[in-house]
Amino acid sequence: MTLHQLFDHVSSTYSYLLADEQTGEAVLIDSVFEQHARDAALIRELGLRLVYTIDTHCHADHVTGAWLMKQELGSQITMARVYGASNVDLALDGGEVIRFGAQALEVRATPGHTAGCLSFVAADHAMVFTGDALLVRGAGRTDFQQGDAHRLFHSIRDQLFTLPDACIVYPGHDYEGRISSSIGEERRHNPRIGGAASEQDFVGYMTNLGLPHPKQLEIAVPANLRAGEPADGSGLPAEDWGPVVTTYAGVKQIAPEWLARHRHEVHVLDVRNPSELDGELGHLVDVQLLPLDELRARAAEVPRDKPVVVVCQTGTRSALGTMILAKAGFTRVANLAGGMLRWRQLGLPVARDASEPCKVGTPPSSPMQRSDRTRM
Ligand SMILES: [Fe+2]
């Protein structure tokens, strides 16, 4: 099983993408609505098939990305039955098992932070995803959402501390940069419930934390009870000019096939060096040349009346070019995925000789050139 641990720095939430290497089936634990594009890009790039999104509990500090994932990738939404949330495909109780490929996660009921908290244990007991029940050197607060420190004490002691010492603990949050722990470590060193702490000690600690009211509570809880479906049914806003996809690296990209069909709707900027333009790969007709080395200083020369597609040999330099333009205030800009190399592999049209337009640093004057019209 492969594991990717992902982080949302606004809510300090950890999300976990688990995948079965043989079948490519995957699950995503505790996704974050605002991180949907990042997480979906990772799943696509790894060629995985997302089977389930899993929420360890109804979060009060962020909205789940479960509903968005279902819209985009067709995954099934799972959540604890106790909440009675809408849009849930698989309502979970403790004792059940979630399967993906040859992998399995045991579902353990670990209430106390909320009434419906679940923890998920790998079949070989090598790792456990504890949500907010057990945190690294901490435990989830118990002062709202039917929280109950007595229940949490027994959840941790009876359901989690009974796992092997070496079992890695992956928490739902951390605010100090700690990414994981182990059952043995927490059993010994957790200041709230480790060592010889009694139920009375734990409850005394938890009821006197004096934490501020969660800022997102009034927004997050109702949204999470819809599995993250926005109240108005809308998804994330899409680009209005083309099917732009954001990669896991954060680069906005557009497919060459789309550019070939919509060439006249965009401005194409080639960021290679002048000497490359007449090389083996050639160049697109009617492009502006502005080498990457000069782009920051000369970004004002790029017209803003159309969306900009940035191109280079393989899509590498142009990816940075895309980011430079975005930083310079270009809101409609994307990298040509795969660059000239992929463009040529697809047999798409290029300028046939150096006489066809490509002016150094100067935007082209006419929107369509001969080879575009005849070959597209
Ligand atoms: Fe929580």
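In this text the structure is predicted, and so the values were computed from the model without any measurement.

Caption draft 1: Geometry of the sheet that holds strand β2 (residues 13-19). Strand order in the open sheet made by the 6 strands is β1-β2-β3-β4-β5-β6, with mixed pairing throughout. If you trace the sheet from one side to the other, it starts and ends with β1 (2-8) and β6 (90-92), each paired once. Averaged over all neighbouring strand pairs, the angle between strand axes comes to 20 degrees, with direction disregarded. Direction of pairing for strand β4 (residues 49-54) relative to strand β5 (residues 76-80): parallel, over a ladder of 3 bridges. From the neighbouring strand, Ile54 faces β5, where its bridge partner is Thr78. Across the sheet, helix α1 (residues 36-45) touches β1, β2, β3 (25-29) and β4, and the angle it forms with β2 is around 15 degrees. Packing of helix α2 (residues 66-73) onto the sheet brings it into contact with β3, β4 and β5, and relative to β4 it is tilted by some 160 degrees.

Caption draft 2: Here's a closer look at the sheet that holds strand β14 (residues 181-182). Ordered in space as β7-β8-β9-β10-β13-β14, the 6 strands form an open sheet in which the pairing is mixed. Strands with a single pairing partner mark the edges of an open sheet, and in this sheet they are β7 (97-100) and β14. Bridge count between strand β9 (residues 118-122) and strand β10 (residues 127-131): 2 bridges; the pairing is antiparallel. If you follow Phe120 over to β10, its bridge partner there is Phe129.

Caption draft 3: A look at the packing of helix α3 (residues 149-160) against helix α5 (residues 199-206). The geometry of α3 relative to α5 is characterised by a closest axis approach of 9 Å and an angle of 125 degrees between their N-to-C directions. By the angle between their directions, the pair α3 and α5 is classed as oblique. In this structure, α3 crosses over α5, and the sense of that crossing is right-handed. For the pair formed by α3 and α5, the contact residues are Ala149, His150 and Phe153 on the first element and Glu199, Phe202, Val203 and Met206 on the second. Looking at the contact of α3 with α5 residue by residue, the classes come out as 5 nonpolar, 1 polar and 1 charged.

Caption draft 4: Spatial organisation of the pairing of strand β8 (residues 103-109). Here β7 pairs with β8 via 4 bridges, running antiparallel. Residue pairing across strands places Phe100 opposite Gln103, the latter belonging to β8. Between β7 and β8, which pair antiparallel one after the other, the connecting turn spans 2 residues, and Gly101 there sits at a positive phi close to 55 degrees.

Caption draft 5: Summary view of the nonpolar core. Within the largest apolar cluster, 66 residues are counted, with the highest numbers of intra-cluster contacts made by Ala26, Val27, Leu28, Met79, Phe120, Val128 and Ile156. In contact with Leu28, other than residues within four places in its own chain, are Ser15, Leu17, Asp39, Leu50, Thr53, Ile54 and Met69. Val268, Val311, Leu325 and Trp343 belong to the second-largest nonpolar core, a separate cluster that totals 25 residues.

Caption draft 6: Molecular detail of unusual backbone geometry. Phi is positive for His125, close to 60 degrees, though the residue is something other than glycine. Relative to the elements of secondary structure, His125 occurs in the loop between β9 and β10. For Gln146, which is not glycine, the phi dihedral falls at a positive 55 degrees. Note that Gln146 resides in the loop between β12 (138-139) and α3.

Reading the values: rules and limits
Residues numbered from 1 in each chain as written. Predicted model: local features only at pLDDT ≥ 70, side-chain atom pairs only at ≥ 80, totals over all residues. Pairing = 2+ DSSP bridges. Helix = DSSP H or I, 4+ residues; strand = E, 2+ residues; numbered from the N terminus. Axes fitted to C-alpha atoms, helices over the stretch in contact; angles between N-to-C directions. Contact = placed C-beta atoms within 7 Å. Parallel < 35°, antiparallel > 145°, perpendicular 65-115°, else oblique. Left-handed = near helix turned anticlockwise from the far one by under 90°. Nonpolar A, V, L, I, M, F, W, Y, C, P; charged D, E, K, R; others polar. Core = buried A, V, L, I, M, F, W, Y, C linked by C-beta atoms within 7 Å. Buried ≥ 20, exposed ≤ 12 C-beta atoms within 10 Å, placed from the backbone.

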